[in-house]
Structure formats: C-alpha cells, structure tokens
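Single-letter residue listing:
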Amino acid sequence: MKIKYITLILLSFSLAVANAQSKAPATSVWPASKANAWYAKHKWINGSDFIPSSAINQLEMWQANTFDPKTIDRELGYAEGIGFNAMRVFLHSMAWQQDPGGFKKRVGQYLAIADRHHIQTIFVFFDDCWNPTAKTGKQPEPKTGVHNSGWLQDPGARLNDAGETVMLQKYVTDVLSTFKHDKRILLWDLYNEPGNSGKKDKSLDLLSKIYSWSRAVNPDQPLSMGLWDWSFEKLNAFQLTHSDVITYHDYEEPDKHERVVQLLKAGGRPVICTEYMARPRGSTFANTMPMLRKENVGAINWGLVAGKTNTMYAWDTPMPNGEEPKVWFHEVFRKDGTPYSQEEADLIKKLNNKQQ
C-alpha cells in the first residue's frame, strides 16, 4: 500500500474543499457540512454489494426476461434479518438502452422490494472490472469454480467511443432525472474501480463526463466515486475532490485498513467502505466490521448470497471441479438462507443492535 499517494491527495482535497465550503453552488460538490448533516440522519450504514443468486451479471439481473423479483425479495429478507440496511447494486447501460421505460420500471420494482425490507440502495452506473464486452439477450452460464466469470464492464470495450458516449449521457441523465428525489436511494456511486483492467487514466475522461452529467441533474442524493488503487494519482485526486461522500474499497487486514480509514476521515467528510471482506486475505467480518462500526464508517461487503456469480471462490484461485471452497472468499448466506457462518451472522446482528 502506497500511503504517500493518498496523503498527498488528501492534502490537495482538504484545501480544495476548504476553498469551496462557503460558496459552493447547487451544481458543485456538496460542502462538507451538508454531507455530514446528510450522514447524521442515517443509522450506521452497513450491508452488501447485491445481485440475486439467480443472475450471473448486471444484464441478467435487469433484463425483462430474467428480472427475478421473487429471489430479490427472499434474499433481501435474509439481509434484513441480520440488520443490514443498505445494498450496493450495479446497473448497466445496455439494459437501459434495450428498453429504457421497462428498465426504469424494474428499478422501481427493486426499490419497492428493498424498501419493504427497510433497505436503502447505492446504485452504481459504470464499472471497469471483469469482462469488457457485453451482449444483451441470454447471458452465459457460469464457468465452474471461476469467480465472477460473467460479470460485465460498462462501457468496457466501448470506453471513449464518441457514439457510445452520447448514449451514456442519455442513460445517466434519464435514470438520475427519474429517481433524483427518491428517498429509497442512499447515494449514487458513479463509477466502480475506474482504471481497472489496465485502463488506468484512460477512464478519467468518462469519469469527468459522468460527474458533469450528474451534477447537471443535481439529485437530492449525494454523489461518490470510490477509491480503490492508491497508485492512480490523477484518478484518486479527481475522485476525492468531486465526491460529496467519500467511498473506497479495502480488502486488507484491519491494521492496514484502519490507517486508510484515518487518512480518508482527515478530509472531513463521511466515509463509507463499499467493498471489503475477503476471508482468505485476512479481511473478515470479525476483524474488520467492528473497526468500521467504531469509526462510524459505513461497511458494505462484497456479496450477500452464493449464486451464479461464483464469488465464494477467490479472484485468482479457480476450482475447476466446482467443489465448495473450505473457506468462502465472499458471501454471507447460502441460497436457502442458512448463514455461511452463524457466528458471523450473530456478530452482524449484534453490531446492528438487532435482538438475537
């Protein structure tokens, strides 16, 4: 971990925020006072990155033929049962492009289900992780024992294609305009891990564009762009200085993770970890979630229910025979609602002051 990068960026960030505090117009980054007032209205934010176990990727989740409200309802019920109050959910531009009206209707259905379970949602627009080429229609079956074999980047191979960029602007503007006042949405995470998959600074142009498109809509909910690789100085600087609420990913052991928390909190804004918990790497519920609770940092782990994404398997350790790993990488529940670890489930309940 290259702490020197984040330290320098935070200094620049703090100065930029200080200069903007008193004069920030409605279409610029929120003053820290507004962001902190927003955060104070919420209970401690915690939950999972969520896709139903019946979907391999974002298109299978959102396309009309495979949208699965019954599974979504059942699995969000598991989350409610342990006190989770937030889910981070990935959208996909091609699902919107295929059927804008139907797509937004399904987003509304999802939000209604989540709201019945007292869960707010963090929606993610774009993503630089995993497969660069997406096709609408029937999605592939999972590759046996392979982590996230069907997950899709967005826009992926279409990055910085001028014609695609016009479509992406319409997509972002339409979705934000439709849901800009929806209290069931916690915040908008504009871009997951920009620069991943070897893109690095090539993603900065789209990142800056989506920020401008989103600010032009000016939703009630805060905007964020999660940090994840401390070596990406230009991307990190933009993400920090243009986020109302600071979000980040950290799969390290808790002593290293806590140093990152302290540095990010130095910017004076609310902080939410939107990905953590990879058991074999030393990032677990038992050693990390209590630390995040103590620091009043939101805690969103990757994965709720083991399913077609295969994220019980490690990133870099495929299991071709498809046997269950001795230690799950991600996920909290089996499909039938049984916790992977009852001890973990009890800890989550305890941290949420939920009666055993």
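As the structure is a prediction and not an experimental result, all values here were calculated from the model.

1. Considerations on empty space enclosed by the protein
- Evaluated as defined, the whole model comprises 1 cavity of 30 Å³ or more.
- The volume enclosed by the largest cavity comes to roughly 50 Å³.
- Lining the largest cavity are Asp-49, Ile-51, Trp-302, Gly-303, Leu-304, Val-305, Thr-309, Thr-311 and Glu-331.
- Grouping the amino acids of the lining of the largest cavity by side-chain chemistry returns 4 nonpolar, 3 polar and 2 charged.

2. What about the side chain of Ser-149?
- Note on placement: Ser-149 falls in the loop between strand E3 (120-127) and helix H7 (162-179).
- Take Ser-149: its relative accessible area is 13%, and that puts it in the buried class.
- Every residue in contact with Ser-149, bar those within four places of it in the chain, is listed here: Ile-56, Asn-131, Pro-142, Lys-143 and Thr-309.

3. Quick word on the state of the cysteines
- Per the counting criterion, the structure on display carries 0 disulfides.
- As a non-bridged cysteine, Cys-129 has Cys-273 as the owner of its nearest cysteine sulfur, 14 Å distant.
- Its relative accessible area of 9% is what places Cys-129 among the buried residues.
- With relative accessibility at 0%, the residue Cys-273 sits in the buried group.

4. Brief notes about the pairing of strand E4 (residues 185-192)
- Buried residues dominate E4, accounting for 8 of its 8 residues.
- The pairing of E3 with E4 spans 6 bridges and is parallel. Paired with Val-124 across the two strands is Asp-189, which belongs to E4.
- Crossover handedness for the path E3 to H7 to E4: right-handed.
- Relative to strand E5 (residues 223-224), E4 is paired through 2 bridges, and the arrangement is parallel. For Trp-188, the partnering residue across the bridge sits in E5 and is Leu-223.
- In this region the chain leaves E4, passes through helix H8 (residues 204-217) and returns to the parallel neighbour E5; the handedness of that crossover is right-handed.

5. A few points about the sheet that holds strand E2 (residues 86-90)
- Taken in spatial order, the 8 strands make up an open sheet running E5-E4-E3-E2-E1-E8-E7-E6, and their pairing is parallel. This sheet does not close on itself; its edge strands, each paired only once, are E5 and strand E6 (246-249).
- Alignment of strand E7 (residues 271-275) against strand E8 (residues 298-302), held across 2 bridges, turns out to be parallel. Counted as the bridge partner of Cys-273 is Ala-299 from E8.

6. Details of the environment of Trp-151
- With respect to the helices and strands, Trp-151 occurs in the loop between E3 and H7.
- Trp-151 gets classed as buried once you look at its relative accessible area, which sits at 2%.
- Within the structure, the side chain of Trp-151 is placed 2.8 Å from the side chain of Asp-127, a separation counted as a polar contact.

7. Considering the packing of helix H11 (residues 285-294) against helix H12 (residues 342-351)
- Look at H11 against H12: their axes get within 10 Å of each other, and the N-to-C directions meet at 5°. It follows that H11 is roughly parallel to H12 by the angle criterion. In this structure, H11 uses Phe-285, Ala-286, Met-289, Pro-290 and Arg-293 to contact H12, whose residues at the interface are Glu-344, Leu-347, Ile-348 and Leu-351.

About the cut-offs
- Here the residue numbering is sequential within each chain, running from 1 through the sequence in written order.
- For a predicted model such as this one, the threshold for reporting local features is a pLDDT of at least 70, and the threshold for listing and counting side-chain atom pairs is 80 or more; totals across whole chains, interfaces and linings nevertheless cover every residue.
- Water and hydrogen atoms were dropped before computing side-chain values, which therefore reflect all heavy atoms in the structure.
- Think of a 1 Å grid over just the protein atoms. A cavity is a set of points where a 1.4 Å probe fits yet cannot get out, a pocket is an open set with protein on both sides within 12 Å along at least five of seven lines, and lining residues have an atom within 4 Å of a point.
- Grid points are joined across faces, edges and corners, and a volume is the space filled by probe spheres set on the points.
- Side-chain classes are defined by residue name, with Ala, Val, Leu, Ile, Met, Phe, Trp, Tyr, Cys and Pro counting as nonpolar, Asp, Glu, Lys and Arg as charged, and the others, Gly among them, as polar.
- Here a helix means four or more residues in a row that DSSP labels H or I, a strand means two or more in a row labelled E, and each is numbered from the N terminus.
- Note on exposure labels: buried denotes an accessible area under 20% of the residue type's maximum, exposed denotes more than 50%, and partly exposed covers the range between, all computed with a 1.4 Å probe on protein chains only.
- Any two residues whose heavy atoms approach within 4.5 Å are treated as being in contact.
- Note on terminology: pairs of cysteine sulfur atoms within 2.5 Å are recorded as disulfides.
- When DSSP finds two or more bridges between two strands, those strands count as paired.
- A crossover gets the label right-handed when its path from the first strand over the helix to the second runs clockwise, viewed with the strands pointing away from the viewer.
- Under the rule applied, a polar contact is a pair of N or O atoms within 3.5 Å (in protein, one hydrogen donor and one hydrogen acceptor; residues adjacent in sequence only if both atoms are side-chain atoms).
- Axes here mean lines fitted to C-alpha atoms, for a helix over just the part in contact, with angles spanning 0 to 180 degrees between N-to-C directions.
- Oblique is the label for any angle not covered by the other classes, which are roughly parallel (under 35 degrees), roughly antiparallel (over 145) and roughly perpendicular (65 to 115).

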